[in-house]
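The lines below spell out each chain.
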Amino acid sequence: MTRAAGRTSDAGRGGRFDDILGSAERSRAAAWRGSALLLTICLAALGITGFFDATRFLDGAPALAQLASEMWPPDFGRWHAWMRPLLDTLAMSIAGTALAVLASLPLALIAAPNTSPSPMLLGAARTVLSALRSVPEIIFGVIFVAAVGFGALPGVLALAVHSTGMVAKFFAEAIEHVDPKPLEAAQAAGATRFQVITHAVLPQVFPQLVDVAIYRWEYHFRASAVLGIVGAGGIGFELMAALRLIRYDQVLAILLTILVCVVLVDAIGAWLRRALK
């Protein structure tokens, strides 16, 4: 009887081991099928966009070589004229980020299921955020340039409106995944909705909110350079002027200047993350 029980136990363990092996094999097979499907989709997308058309690359090579020869060496002769546009670009990125964060926090609290006042407001907030994200900031730049004229102001508005949709989405996702126990404890103690948010929700998500805000500031500096092309001021306006004058040596100089500034902004962002944690 003991031997029979032992054989039964061994058979049970063997069956469980076979089940684990079978589950692992099925997981690997599913992963391979998914990878193959993803690779097929990527190759199809490359084919649709003409990436595999070698003739176009060969025909474009002489033009690229000519452009490179006209860009080198870079001409920094007008560097002093770029300092104020660079300052405008930095100011646009900071102001746009500040406005986006201020607008995003209340929208995120409405768009997060665990803090939203009602399902109707939840759906409305998420629809608004999707609408803001769907329009690129350069389109908002064109709209605001037409509305308020040229300069840094339309750039700030374009960055703030577009980024509100993205920043609020990230904020809402962070709020949605907070630990519910502090919220339940605060509610059980009779805290108001505002007190629950300020004492149980925001302290948990503050590091994530800081990370998102700094990331968007870093992104905004690069986006501000692009917005200048449509008349929203900043260094992008100087870049567009150099392109129109076919001064490709100045174009390269401006691009290198932007690169240095982007590296500095990224370094400052990394320092801020360490300092605020």
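Treat the numbers as computed from the prediction; the structure is a model and nothing was measured. (Residues numbered from 1 in each chain as written. Predicted model: local features only at pLDDT ≥ 70, side-chain atom pairs only at ≥ 80, totals over all residues. Heavy atoms only, no water.)

1. Topic: the overall build of the protein chain
Of the regular secondary structure elements, the protein chain holds 10 helices and 0 strands. The order of helices and strands in the protein chain, counted from the N terminus, is α-α-α-α-α-α-α-α-α-α. Split into buried and exposed, the 277 residues of the protein chain put 31% on the buried side. A sequence separation of at least 24 residues applies to 73% of the contacts in the protein chain between residues at least 6 apart. Looking at the protein chain as shown, the accessible area adds up to about 16700 Å², and 71% of this sits on carbon and sulfur atoms. (Helix = DSSP H or I, 4+ residues; strand = E, 2+ residues; numbered from the N terminus. Buried < 20%, exposed > 50% of the residue type's maximum accessible area, 1.4 Å probe, protein only. Contact = heavy atoms within 4.5 Å. Areas by Shrake-Rupley, 256 points an atom, 1.4 Å probe, with all protein chains shown as cover.)

2. Structural notes on the packing of aromatic side chains
This structure, assessed with the given rule, holds 1 aromatic pair. For the pair F140 and F144, a centre-to-centre distance of 6.3 Å together with 25° between the ring planes defines the contact as stacked. Of the two residues, F140 and F144 are both situated in helix α5 (residues 137-148); the distance of 4 residues between them amounts to about one turn of the helix. (Phe/Tyr/Trp six-rings, centres within 6.5 Å; stacked < 30°, edge-to-face > 60°.)

3. Topic: the pattern of salt bridges
Scanning the model with the defined rule gives 2 salt bridges in all. Among the ionic pairs, R84 bridges to D88, the shortest N-O distance being 3.0 Å. On the criterion of helical spacing, the pair formed by R84 and D88 is a turn pair, its members being 4 residues apart in helix α3 (residues 83-111). Overall, D88 belongs to the partly exposed group, its relative accessible area being 23%. A salt bridge links E173 to K169; the shortest N-O distance between them is 2.8 Å. Linking E173 with K169, this pair stays in helix α6 (residues 152-176), spanning 4 residues, or about one helical turn. Given the relative accessible area of 35%, E173 is considered partly exposed. (Salt bridge = Lys/Arg side-chain N within 4 Å of Asp/Glu carboxyl O.)

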